[in-house]
Amino acid sequence: QLQFSPSTAPLQHSALARLLSTLAVLEQKDGKLNVSSLAAVTAGVKLGGSITAFVAGSGVKAVAEDAAKAKGIEKVIYVENGAYEKGLPENYAPLLVENIKKGGYTHIFAGHSAFGKNLMPRVAALLDSQQISDITEIESEDTFVRPIYAGNAIMTVQSSDSTKIITVRGTAFPAPETEGGSATVEEGVDPKAECPTEWIAEDLAQSDRPDLSSAEKVVSGGRGLKSKEEFDRLMPPLADALGAAIGASRAAVDSGFADNSLQVGQTGKNVAPQLYLCAGISGAIQHLAGMKDSKVIAAINKDPEAPIFQVADVGLVGDLFEKVPELTQKLKSQ
Ligand code: FAD
């Protein structure tokens, strides 16, 4: 029996599907494809019609060839120019617009990442379209669903723009298989737009652990950890025992227990791992907004009334300072 999951089954099987054409904007860094940006391709697959992927920067021909192996893409367009390496929207937006005009696409999808959020509103403005942000479902070629108010309400948006400029929530459109495809690879047009902004430097947190946004398992700590020393003592061993990424609540980040890049929630990262295990997190709506799509939610909290237990599949009422080391020990001895 064949089954399509809701986010990958194509909507269109009619003549209309042949008229639809997606440009999926991919991200790369240092000549390596950012696999989670392939969510834009999944959105195109769901829509139906042809899918072209786009990538720009230095040494991106190899990235384009890599992306060409992803399932669902017909063509990959690349623009080789160091000026686009850092994805500065001031020159990337006119570049994308030139390529959109040339290809005449009906839908432009990009991830709802810092890059997509920075770029797509400018692209929309240049094309006189209204951008649609952070969609989680495609109802039809002009109707899209997106969460608002930190996921407390769901809005259905219909657009009459001829070119639809859309950012997609990665957790709702999982990346397609990265092997087995055989797209053609072609050079795109480069308008060489002036860039008034100069890239100076970046200061990124380094970690050997899985990437928080795409990890299969996440362990997250909150204000209940009490201090940075306790956070560092208890959370990394638990994460290592599970092979998980580490996340944190905003209260933990604001209190200096964890780095800002680890924040999960409305103003942090959106995650939807197979397992989200949190300790000392109360379950405020702004936190739930970033993790409630996780497949299994497990919570450790000493307060049986904590709101996190309303969304948890598995709950453990108890003192985390006892329970976390005990759990870590049990996992290690398995
Ligand atoms: P608390 O709410 O203080 O909860 C701590 C929990 O730890 C309690 O439930 C307590 O029972 C438990 N605990 C204490 N000691 C122990 C122990 N020894 N053993 C076991 N359990 C214990 N928050 C986010 O997380 N992410 C966001 O992106 C985010 N964005 C926001 C955006 C806006 C506009 C606003 C207004 C708020 C935002 N917040 C966000 C903040 C949010 O409202 C909460 O304040 C925050 O999530 C609380 O973090 P916490 O659960 O770690 O802390």
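Everything quoted here is computed from the prediction, not taken from an experiment.

Undergrad: Would you mind showing me how to read the overall build of the protein here?
TA: When helices and strands are tallied, the protein shows 10 helices and 17 strands. Compactness check: the protein gives a C-alpha radius of gyration of 21 Å against a globular reference of 20 Å for 334 residues, within 12% of the reference. Considering only C-alpha atoms, the protein reaches an extent of 60 × 45 × 35 Å along its principal axes. Within the protein, the proportion of its 334 residues that are buried is 47%. At a minimum sequence separation of 6, the contacts of the protein that also span at least 24 residues come to 66%. If you sum the accessible surface of the protein, you get close to 16400 Å²; carbon and sulfur atoms cover 49% of it. Measuring between centres, the 31 positive side-chain charges of the protein sit 3 Å from its 41 negative side-chain charges.

Undergrad: What is the right way to look at the site of the ligand in this model?
TA: By nearness alone, 26 residues border the ligand, and Ser249, Thr267, Ser282, Gln286 and Asn301 come closest of all. At a separation of 3.3 Å, an oxygen atom of the ligand approaches a polar backbone atom of glycine 268. Contact distances for the ligand include 2.7 Å between an oxygen atom and a side-chain N or O atom of serine 282. For the ligand, the protein covers 77% of the area, taking 980 Å² as the surface of the free molecule. Where the shell around the ligand is concerned, the elements lending two or more residues are helix H7 (250-254), helix H8 (285-288) and helix H10 (320-332).

Undergrad: Would you take a moment to explain the UniProt feature "domain: Electron transfer flavoprotein alpha/beta-subunit N-terminal" (unreviewed entry) in the protein for this structure?
TA: Per the UniProt record, "domain: Electron transfer flavoprotein alpha/beta-subunit N-terminal" (unreviewed entry) is found at residues 22-208. Taken end to end, residues 22-208 comprises 24% helix and 30% strand; its first and last C-alpha atoms sit 35 Å apart.

Undergrad: Looking at this structure, I do not really get the environment of glutamate 216. What am I missing?
TA: In this structure, glutamate 216 sits in the loop between strand S12 (184-187) and strand S13 (217-221). Owing to a relative accessible area of 55%, glutamate 216 belongs among the exposed residues under this scheme. C-alpha separation for the pair glutamate 216 and proline 273, spaced 57 residues apart in sequence, amounts to 4.6 Å. Glutamate 216 has contacts with Pro273, Gln274 and Leu275, leaving out every residue within four places of it along the chain.

Undergrad: So what exactly am I meant to see when it comes to the sheet that holds strand S17 (residues 314-317) here?
TA: Either a parallel or an antiparallel arrangement is found when strands of a sheet pair, and the pairing is made through backbone hydrogen bonds. Strand order in the open sheet made by the 5 strands is S14-S13-S15-S16-S17, with parallel pairing throughout. Since the sheet does not close on itself, it has two edges, and those belong to strand S14 (245-248) and S17, each with one partner. Across the sheet, the axes of successive neighbouring strands diverge by a mean angle of 15°, strand direction being ignored. Bridge analysis of S13 against S14 gives 4 bridges, and the strand direction is parallel. Among the inter-strand pairings, glycine 221 is bridged to a residue of S14, identified as alanine 248. Where helix H6 (residues 228-242) meets the sheet, it contacts S13, S14 and strand S15 (275-279), and its direction lies at approximately 170° from that of S13. Of the strands in this sheet, S15, strand S16 (296-301) and S17 touch H10, which is tilted by about 135° from S16.

Undergrad: Just checking my understanding: could you explain the packing of aromatic side chains for this structure?
TA: A ring pair, where both rings are aromatic, is described by two values, the distance of the centres and the angle of the planes. Across all of its chains, the model carries 3 aromatic pairs by this definition. On the basis of an interplanar angle of 75° and a centroid distance of 6.0 Å, the ring pair of tyrosine 84 and tyrosine 92 is categorised as edge-to-face. Each member of the pair, tyrosine 84 as well as tyrosine 92, carries the same accessibility label: buried. Between the aromatic rings of tyrosine 92 and phenylalanine 115, the centroid separation amounts to 5.2 Å while the plane-to-plane angle is 85°, which identifies the pairing as edge-to-face. Residue tyrosine 92 is located in helix H4 (residues 89-103), and its partner phenylalanine 115 is located in helix H5 (residues 114-126); the two are separated by 23 residues in the primary sequence. The exposure classification of tyrosine 92 matches that of phenylalanine 115, with both residues buried. Put simply, the rings of Phe54, Tyr84, Tyr92 and Phe115 pair up and form one aromatic cluster.

Undergrad: Even after reading the chapter, I still don't get the pairing of S15, so can you show me in this structure?
TA: Where a strand is regular, its side chains alternate between the two sheet faces. Of all 5 residues that make up S15, 4 are buried, and the element is covered over most of its length. Bridge analysis of S13 against S15 gives 5 bridges, and the strand direction is parallel. Counterpart to glycine 221 in the pairing with S15 is alanine 279. Pairing geometry for S15 and S16, over 5 bridges, is parallel. Across the sheet, tyrosine 276 pairs through a bridge with isoleucine 297, a residue of S16.

Criteria and thresholds
- Residues numbered from 1 in each chain as written.
- Predicted model: local features only at pLDDT ≥ 70, side-chain atom pairs only at ≥ 80, totals over all residues.
- Heavy atoms only, no water.
- Helix = DSSP H or I, 4+ residues; strand = E, 2+ residues; numbered from the N terminus.
- Rg over C-alpha atoms; globule rule 2.2 N^0.38 Å.
- Buried < 20%, exposed > 50% of the residue type's maximum accessible area, 1.4 Å probe, protein only.
- Contact = heavy atoms within 4.5 Å.
- Areas by Shrake-Rupley, 256 points an atom, 1.4 Å probe, with all protein chains shown as cover.
- Lys, Arg positive; Asp, Glu negative; His and termini not counted.
- Charge placed at Lys NZ, Arg CZ, Asp CG, Glu CD.
- Near = heavy atom within 4 Å.
- Polar contact = N/O pair within 3.5 Å; in protein donor to acceptor, adjacent residues only side chain to side chain.
- UniProt positions renumbered as here; feature names shortened; annotations may be inferred.
- Pairing = 2+ DSSP bridges.
- Axes fitted to C-alpha atoms, helices over the stretch in contact; angles between N-to-C directions.
- Phe/Tyr/Trp six-rings, centres within 6.5 Å; stacked < 30°, edge-to-face > 60°.

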